[in-house]
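# Examining the three-dimensional arrangement
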Amino acid sequence: MCPLTPELQLSRAIEDLLVARNLRGMATIQKELSAGYVHRAAKTLFEAQGEILISTGFPVIGTFETDGPVGTIALYNALEALGKNPILVCGDPLYSKLVTDFECLQLAINDLEGAKQQALNFYESRDIGCVVAIERPGLNAQGKYCNMRGEDISHGCANFDPFMTFAPCPTIAIGDGGNEIGMGNVIDALRELDITPSVTKCDELIVADVSNWGAYALIAYFSLWQKQDLLADIDCQQLLAYLSKHGSVDGVTRRNEPTEDGLDATQGEALITELRRLTGYLPNE
C-alpha cells in the first residue's frame, strides 16, 4: 500500500473533524465517500479559471437560515482574496439582502422549468470555472424540496439544481443532513437516516455537521497553498450578526438569533481554530 501524501493525510484529518459531532448522521455518510474529497474540492476551486458560482439559501418560515450564507460569504471573500471572481446565487429574500454588498445572481422561486432555461442561457454567455452549492435544498425523487422535518417547502424555494446538472465545469456541494444538493451521490446510504433525501448529484460532495464548516475546510487549503492565513479573516460572530440583522433564523430553533443549527458562534470559531492548527498557522496544544 502506498503511503499517504501529507495533503491526503490533512484531508482525512479535516474530513473527520467536520463530522466529529455527528449531529445528523454525516459520520455515517462520510464512509461512503472516497477519502480526500476536501482536498480534491479545494484544489478544483483553487485552480478554477473564470467566474465561480456559489449558491446558498435554505428557506425557513418565510425567510432564510444562517447555515449556508455564513460559509458562503466566507468562501466568497476568500476567493476574492485569491483574485478570483465569485458570484453569489440565491433567491429572495436572501438575494435582496445580499445584492447591495456582493455580486449576485437572482434565482426565481418555485419555477423549475424557468430555472432550467436560466441556467442554459447563463452558461451560453459566461465563462464559469466552478459551481458550488452550500446548504442548498436539492430536489427529491418526487421533484419536490423538503426540509429536515419532512415538510414540503417547494412553494418558497428557489431552484438551483439545473445550474448543477447543466454545469459545463466541475461542481461541488456541501451538506449536513441529506436533503441538500449533492446528496444524490450517496442516496443509498441516506436511507439509514430519517430524512427525505435529495437526488441531485455533484462532482465532489463534502459532508459536515454544519454546512458552513465545510466552506471553512476549503479555505484551510487556500491558506496552505496561498501561504496566507485566510481563516484568520473569518469573523463568525460578525457574519451571524450581519445575517441576523437582515432577518435570518437559526434553521433548528427557527428564531432570529446569531446562531447556526442551534450552536452559537463559539462552535464555528473552535472549528476554525482546529483548522488553523492542522494547517500550521497555530501551534498544537
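Residues numbered from 1 in each chain as written. Predicted model: local features only at pLDDT ≥ 70, side-chain atom pairs only at ≥ 80, totals over all residues. Heavy atoms only, no water.

## Considering the overall build of the chain
This is how it is decided: Helical segments are the DSSP runs of H or I of at least four residues, strand segments are the runs of E of at least two, and each set is numbered from the N terminus. The reference for a compact globule is 2.2 Å times residues^0.38; the radius of gyration itself is calculated from the C-alpha atoms. Three exposure classes are used, based on accessible area relative to the maximum for each residue type with a 1.4 Å probe and protein chains only: buried under 20%, partly exposed in between, and exposed over 50%. Residue contacts are defined here by distance: any two heavy atoms, one from each residue, within 4.5 Å place the two residues in contact. Where accessible areas are quoted, they stem from the Shrake-Rupley method and a 1.4 Å probe; at the residue level, only the protein chains shown are allowed to cover. Charge counting treats Lys and Arg as positive and Asp and Glu as negative, with His and both chain ends excluded. Every charge is mapped onto a representative atom, which is NZ of Lys, CZ of Arg, CG of Asp or CD of Glu.
Counting secondary structure elements, the chain contains 10 helices and 10 strands. The globule rule puts the C-alpha radius of gyration for 285 residues at 19 Å, and the 17 Å found for the chain is close to it. Judged by the C-alpha coordinates and their principal axes, the chain covers about 50 × 45 × 40 Å. Out of the 285 residues in the chain, the part that is buried amounts to 56%. For the chain, long-range pairs separated by at least 24 residues make up 71% of all intrachain contacts whose partners lie at least 6 apart in sequence. Split by element, the accessible area of the chain, about 11,600 Å² in all, is 48% carbon and sulfur. Within the chain, the 39 negative side-chain charges are centred at a point lying 2 Å from the centre of the 21 positive side-chain charges.

## Looking at empty space enclosed by the protein
Heads up, the rule is: The definitions used throughout rest on a 1 Å grid laid over the protein atoms alone, on which a cavity is an enclosed set of points accommodating a 1.4 Å probe that cannot get out and a pocket is an open set flanked by protein within 12 Å on both sides along at least five of seven lines; lining residues are those having an atom within 4 Å of a point. Grid points are joined across faces, edges and corners, and a volume is the space filled by probe spheres set on the points. Lys, Arg, Asp and Glu make up the charged group, whereas Ala, Val, Leu, Ile, Met, Phe, Trp, Tyr, Cys and Pro make up the nonpolar group; the residues left over, Gly among them, are polar.
All told, the structure shown has 1 cavity of 30 Å³ or more when counted by the stated rule. In this structure, the largest cavity encloses a volume near 90 Å³. If you go around the largest cavity, you meet 15 residues; those closest to its centre are G57, P59, G91, D92 and P93. Counting only elements with at least two residues in the lining of the largest cavity, the list comes to β3 (63–64) and β4 (85–91). Residues of the lining of the largest cavity, tallied by class, amount to 8 nonpolar, 5 polar and 2 charged.

## Overview of the layout of surface pockets
Any space left empty among the atoms is revealed by the rolling of a water-sized probe across them. Of the volumes computed, that of the largest pocket is approximately 430 Å³. Around the largest pocket sit 29 residues that line it, and F58, P59, V60, N147 and R254 are the ones nearest its centre. The residue makeup of the lining of the largest pocket, split by class, is 11 nonpolar, 7 polar and 11 charged.

## Quick word on the packing of aromatic side chains
Rules: Note on ring pairs: Phe, Tyr and Trp rings are taken, using the six-membered ring of Trp, and paired if centres are within 6.5 Å. Classes follow the plane angle, with under 30 degrees stacked, over 60 edge-to-face and the rest tilted.
In the structure shown here, the tally under the stated rule is 9 aromatic pairs. Consider the rings of Y76 and F102, whose centres lie 5.1 Å apart with planes at 85°: the pair is edge-to-face. With Y76 in helix α4 (residues 69–81) and F102 in the loop between α5 (94–98) and β5 (104–107), the pair connects residues that are 26 residues apart, well separated along the chain. Grouping residues by exposure puts Y76 and F102 together as buried. Measuring from ring centre to ring centre gives 5.2 Å for F160 and F163, while their planes differ by 5°; the resulting arrangement is stacked. When its relative accessible area of 0% is taken as the criterion, F160 is described as buried. Of the residues examined, F163 reaches a relative accessible area of 0% and is grouped as buried. These aromatic residues form a ring-pair network of at least three members: F46, Y221, F222 and W225.

## Considering helix α1 (residues 6–18)
In plain terms, the rule: Given the number of residues in a helix, its expected span is that number minus one, multiplied by 1.5 Å. Directions from the helix axis toward the C-beta atoms define the arc.
Here α1 contains 13 residues, and its C-alpha end-to-end distance of 18 Å stays within 8% of the 18 Å for a straight helix at 1.5 Å per residue. Turning to α1, its buried residues number three or more, namely L10, S11, I14, E15 and L18. Looking straight down α1, one finds its buried side chains confined to an arc of 135°; they lie on one side. Residues of α1 that are buried make contact with α2 (26–30), α3 (37–47), β8 (204–207), α8 (211–226) and α10 (265–278).

## Examining α4
Its 13 residues give α4 an end-to-end C-alpha distance of 18 Å, which sits within 8% of 18 Å, the value for a rise of 1.5 Å per residue. Along α4, 10 of the 13 residues are buried, which leaves the element largely enclosed by surrounding structure. P69, V70, G71, T72, I73, A74, L75, Y76, A78 and L79 are the residues of α4 that are buried. Just downstream of α4, G83 is the residue with a positive phi angle, here 85°.

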